Amino acid sequence: MSQEHLVEFEDYVAAIRRRRRLIAAVVATFVVLGAAYSLLSTKVYTSESRVSVTPTFDPGEGSSQEVNIDTEQGIARSSAVATIAQGILGTDTSPSDLLDNVTVRDIGESTILAIGYTDTNPDEAFRGADAFARAYLQFRSEQADEATRVARQQIDAERASTRQRIVALEDQLQGVEPGSAEFAELDSRI
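Calculation rules
- Position numbers for residues start from 1 in each chain and track the written sequence from start to end.
- Local features are withheld for residues below a pLDDT of 70 in this predicted model, meaning they are given only at 70 or higher, and side-chain atom pairs are given and counted only at 80 or more; totals for whole chains, interfaces and linings count all residues.
- Hydrogens and water molecules were not included; the side-chain quantities draw on all heavy atoms of the structure.
- Labels follow the DSSP assignment, with helices taken as runs of H or I lasting at least four residues and strands as runs of E lasting at least two, numbered in each case from the N terminus.
- Whether two residues are in contact is decided by their heavy atoms: any pair within 4.5 Å suffices.
- Accessible surface is estimated by sampling points in the Shrake-Rupley manner with a 1.4 Å probe; for residues, cover comes only from the protein chains shown.
- None of His or the chain ends enter the tally, which takes Lys and Arg as positive and Asp and Glu as negative.
- Working definition for charges: the position is that of NZ of Lys, CZ of Arg, CG of Asp or CD of Glu.
- Expected helix span is given by 1.5 Å per residue-to-residue step, counting one fewer step than there are residues.
- Contacts described as polar in this section are N or O atom pairs within 3.5 Å, which, within protein, must combine one atom able to donate a hydrogen with one able to accept it, while residues neighboring in sequence count only if both atoms come from side chains.
- For the exposure calls, accessible area comes from a 1.4 Å probe over protein chains only, and a residue counts as buried if that area is under 20% of its type's maximum, exposed if over 50%, partly exposed in between.
- Between N-to-C directions, angles span 0 to 180 degrees; the directions come from axes that are lines fitted to C-alpha atoms, helices contributing only their stretch in contact.
- Just so you know how the angles are binned, under 35 degrees is roughly parallel, over 145 roughly antiparallel, 65 to 115 roughly perpendicular, and the rest oblique.
- A clockwise turn of the near helix away from the far one marks a right-handed crossing, whereas an anticlockwise turn of less than a right angle marks a left-handed crossing.
- When residue character is reported, Ala, Val, Leu, Ile, Met, Phe, Trp, Tyr, Cys and Pro are called nonpolar, Asp, Glu, Lys and Arg charged, and the others, Gly included, polar.
- Only centres within 6.5 Å qualify two rings of Phe, Tyr or Trp (six-membered ring in Trp) as a pair; their planes then separate them into stacked at under 30 degrees, edge-to-face at over 60, and tilted for everything else.
- Here, any two strands with at least 2 DSSP bridges between them count as paired.

Draft legend 1. Local environment of the overall build of the protein chain. Helices and strands together make up the secondary structure of the protein chain, namely 7 helices and 5 strands. Along the first, second and third principal axes, the C-alpha atoms of the protein chain reach 125 × 55 × 20 Å. Within the protein chain, contacts between residues separated by at least 24 positions form 58% of all contacts whose residues are at least 6 apart in sequence. By element, 53% of the accessible surface of the protein chain is carried by carbon and sulfur atoms, the whole surface being about 13,600 Å². A gap of 13 Å separates the mean positions of the 18 positive and 30 negative side-chain charges of the protein chain.

Written out as structure tokens, the structure is:
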């Protein structure tokens, strides 16, 4: 490289020295603007509640379904959960407006949901996060209870049908001679 294109460190220092007032004015302006924004802007608070998502037992299948954390996030942000949260909070704010303040995220690779609620009042942020966590748990509990109720109804219906078949077979057995092949066949079916 030629000597005429090299810029020395001293050249930078000299340029900064020549413009130090301009640099100081720009820095001071941004500090004042930042402080003014901080003082005049509305404070926003976010509170977070965490819930552990566990697999629910499906009585119809006889097994537990694997947890899909993306589905659970969607459920936690659903209008059904927001409606339950609205009741818990005792507010007239619509469920869709409540959902505007809600965030739901998973924690790493776990099955834990972090439900956040944002408000200008820190107490309301806390109440909102708590209400949505409780509403989510209530919604999932109601779903599990409904699945159990449906399975119980199916089992009761199958039991009644089986009982009717047994009674019919027992009636047939009454008219058959004991020890006969037909008696043995009906008895084994019972």
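Draft legend 2. Structural view of helix α6 (residues 122–174). In this model α6 runs 77 Å from its N-terminal to its C-terminal C-alpha over 53 residues, within 8% of the 78 Å that 1.5 Å per residue would give. The N-cap residue of α6 is Asn121: its side-chain oxygen and the backbone nitrogen of Asp123 are 2.8 Å apart.

Draft legend 3. Representation of the side chain of Glu72. You can see Glu72 is positioned in helix α3 (residues 69–76). According to the relative accessible area criterion, Glu72 is buried, its value standing at 6%. If near-sequence neighbours (up to four positions away) are discounted, Glu72 is found in contact with Val53, Val67, Leu113, Tyr136 and Arg140.

Draft legend 4. Spotlight on the packing of α6 against helix α7 (residues 181–189). It is at 9 Å that the axes of α6 and α7 come closest, and there the two elements cross at 160 degrees. Of the possible angle classes, the one that applies to α6 and α7 is roughly antiparallel. The two elements α6 and α7 cross, and the hand of that crossing is left-handed. Here Leu169, Gln172 and Leu173 of α6 come into contact with α7, specifically with Phe183, Leu186, Asp187 and Arg189.

Draft legend 5. Structural view of the environment of Thr120. Within the secondary structure, Thr120 sits in the loop between β5 (112–119) and α6. Along the sequence, Thr120 and Tyr45 sit 75 residues apart, while their C-alpha atoms lie 5.8 Å from each other. Here Thr120 is in contact with Thr42, Lys43 and Tyr45, once residues within four sequence places are set aside.

Draft legend 6. Structural view of the packing of helix α4 (residues 79–89) against α6. The N-to-C vectors of α4 and α6 enclose an angle of 125 degrees; their axes lie 8 Å apart at closest approach. Put simply, α4 runs oblique to α6. Regarding α4 and α6, the two cross each other, and that crossing is right-handed. Counted together, Ala80, Val81, Ala82, Ile84, Ala85, Ile88 and Leu89 of α4 and Arg127, Gly128, Ala131, Phe132, Arg134, Ala135, Tyr136, Gln138, Phe139 and Glu142 of α6 form the full contact between these two elements. Tallied by class, the residues present in the contact of α4 with α6 amount to 12 nonpolar, 2 polar and 3 charged.

Draft legend 7. Summary view of the packing of aromatic side chains. This structure, assessed with the given rule, holds 1 aromatic pair. Consider the rings of Tyr117 and Phe132, whose centres lie 6.0 Å apart with planes at 25 degrees: the pair is stacked. With Tyr117 in strand β5 and Phe132 in helix α6, the pair connects residues that are 15 residues apart, well separated along the chain. Phe132 shares its class with Tyr117; the two are buried.

Draft legend 8. Local environment of the pairing of strand β4 (residues 102–106). Examined bridge by bridge, β4 and β5 share 5 bridges and lie antiparallel to one another. By the bridge assignment, Arg105 is partnered in β5 with Ala114. Where β4 hands over to β5, the hairpin turn is made up of 5 residues, of which Gly108 adopts a positive phi near 55 degrees.

Draft legend 9. Summary view of the pairing of β5. Here 8 bridges tie strand β1 (residues 45–52) to β5, and the two strands are oriented antiparallel to one another. By the bridge assignment for β5, Thr46 is matched with Thr118.

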